[in-house]
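Observations on chain architecture
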Amino acid sequence: MVSDSENYKNLRTFFNEEYHSLKTYTQSRIDDASDRDAEDIVQDVALKLFSRPDTASPIHNIAGFVYNSIRNRIIDIMRTKKEQVHIENDMETKLSRFTELFYGKSDNGYSEDMKKELKKAIINLKPVYRNIIKAIDFEGYTYSELSMQTGIPKGTLMSQRHRAIAILFKELETKKETKN
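Residues numbered from 1 in each chain as written. Predicted model: local features only at pLDDT ≥ 70, side-chain atom pairs only at ≥ 80, totals over all residues. Heavy atoms only, no water.

Some words on the overall build of the protein chain
Each helix and strand in the protein chain was counted, giving eight helices and zero strands. In sequence order, the secondary structure elements of the protein chain are arranged as α-α-α-α-α-α-α-α. Among the 180 residues that make up the protein chain, the fraction classed as buried is 32%. Residue pairs in contact within the protein chain that sit at least 24 positions apart in sequence constitute 66% of those at least 6 positions apart. By element, 50% of the accessible surface of the protein chain is carried by carbon and sulfur atoms, the whole surface being about 11600 Å². (Helix = DSSP H or I, 4+ residues; strand = E, 2+ residues; numbered from the N terminus. Buried < 20%, exposed > 50% of the residue type's maximum accessible area, 1.4 Å probe, protein only. Contact = heavy atoms within 4.5 Å. Areas by Shrake-Rupley, 256 points an atom, 1.4 Å probe, with all protein chains shown as cover.)

As for the nonpolar core
One finds Leu11, Phe15, Leu22, Val66 and Ile70 to be the most contacted residues of the largest nonpolar core, which totals 19 residues. Only helix 1 (4–30), helix 2 (38–50) and helix 3 (62–83) provide two or more residues apiece to this core. Here Leu22 is in contact with Phe14, Phe15, Val42, Val66, Tyr67 and Ile70, once residues within four sequence places are set aside. With 17 residues, the next largest nonpolar core counts Tyr129, Ile132, Ile133 and Tyr141 among its residues. (Core = buried A, V, L, I, M, F, W, Y, C linked by side-chain atoms within 4.5 Å.)

What to know about the packing of aromatic side chains
In total, this model carries five aromatic pairs according to the counting rule given. Taking 6.3 Å as the distance between ring centres and 85° as the angle between the ring planes, the aromatic pair formed by Phe14 and Phe15 counts as edge-to-face. With relative accessibility at 6%, the residue Phe15 sits in the buried group. Geometrically, the ring pair formed by Phe15 and Phe50 is tilted, given 5.7 Å between the ring centres and 45° between the ring planes. (Phe/Tyr/Trp six-rings, centres within 6.5 Å; stacked < 30°, edge-to-face > 60°.)

Some thoughts on the environment of Pro153
By secondary structure assignment, the location of Pro153 is in the loop between helix 7 (143–150) and helix 8 (154–179). Distance from Pro153 to Tyr143, taken between C-alpha atoms, is 8.7 Å for residues ten residues apart in sequence.

A word on the pattern of salt bridges
Enumeration according to the criterion identifies four salt bridges in this entry. Linking Asp44 and Lys48 is a salt bridge whose minimum nitrogen-to-oxygen distance equals 3.9 Å. Pair noted here: Asp44 and Lys48 are both in helix 2, with a separation of four residues, about one helical turn. Here Glu117 ties to Lys120 by a salt bridge, and the two come within 3.6 Å at their closest N and O atoms. Here the residue Glu117 and the residue Lys120 both occupy positions in helix 5 (residues 112–123), the gap between them amounting to three residues, near one helical turn. Accessibility expressed as a relative area gives 14% for Glu117, which makes it buried. Among the charged side chains, a network of salt bridges with common partners joins Asp44, Lys48 and Arg73. (Salt bridge = Lys/Arg side-chain N within 4 Å of Asp/Glu carboxyl O.)

Notes on the layout of surface pockets
Empty space within the second largest pocket amounts to approximately 170 Å³. As for the second largest pocket, its lining consists of Val128, Asn131, Ile132, Lys134, Ala135, Glu139, Leu146, Thr150, Ile152, Leu157 and Gln160. Contributing elements (two or more residues each) for the lining of the second largest pocket: helix 6 (127–138), helix 7 and helix 8. Tallying contributions element by element places helix 6 first for the lining of the second largest pocket, with five residues. Taken together, the residues that form the lining of the second largest pocket break down as six nonpolar, three polar and two charged. (1 Å grid on protein atoms, 1.4 Å probe; cavity = no way out; pocket = protein on both sides within 12 Å on 5 of 7 lines; lining within 4 Å. Points joined across faces, edges and corners; volume = space filled by probe spheres on them. Nonpolar A, V, L, I, M, F, W, Y, C, P; charged D, E, K, R; others polar.)

This is the structure in structure tokens:
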């Protein structure tokens, strides 16, 4: 069993030898944003790892543990940033854009009935389909970001969204025919 002092020594050695690689890895994951600094993220993770309580389990794979910690920190930062967006105004705009997928372009906007029907159809989707529509079309995640967070391959996410849109289209077509 590895003692805490050995964990500390191994972490210190790893960070000293791999600091530049850790910064490069982090920067490659956040290069889309200027408000995040790779060095700050690496230092934040290092601080948390060096501050681990004495009762924490020993680290057997230092490199894997550190890289996973950095990846998780990046996900937390991305999630926090997404939550800071002004949701109400943004959601209405996104709903209108999403509505265009089903009803085409409109010069005078969409009726509230059309939006309500779309909202109901989205709510009635299976959770896997509803979640992909919410994440991509309303929360602004890219397939890459979502794939990194969930571990689901981008191609699978694209297929799920495609199926969800097909289900929504069929549902809305059925409602449209019954109203005519």
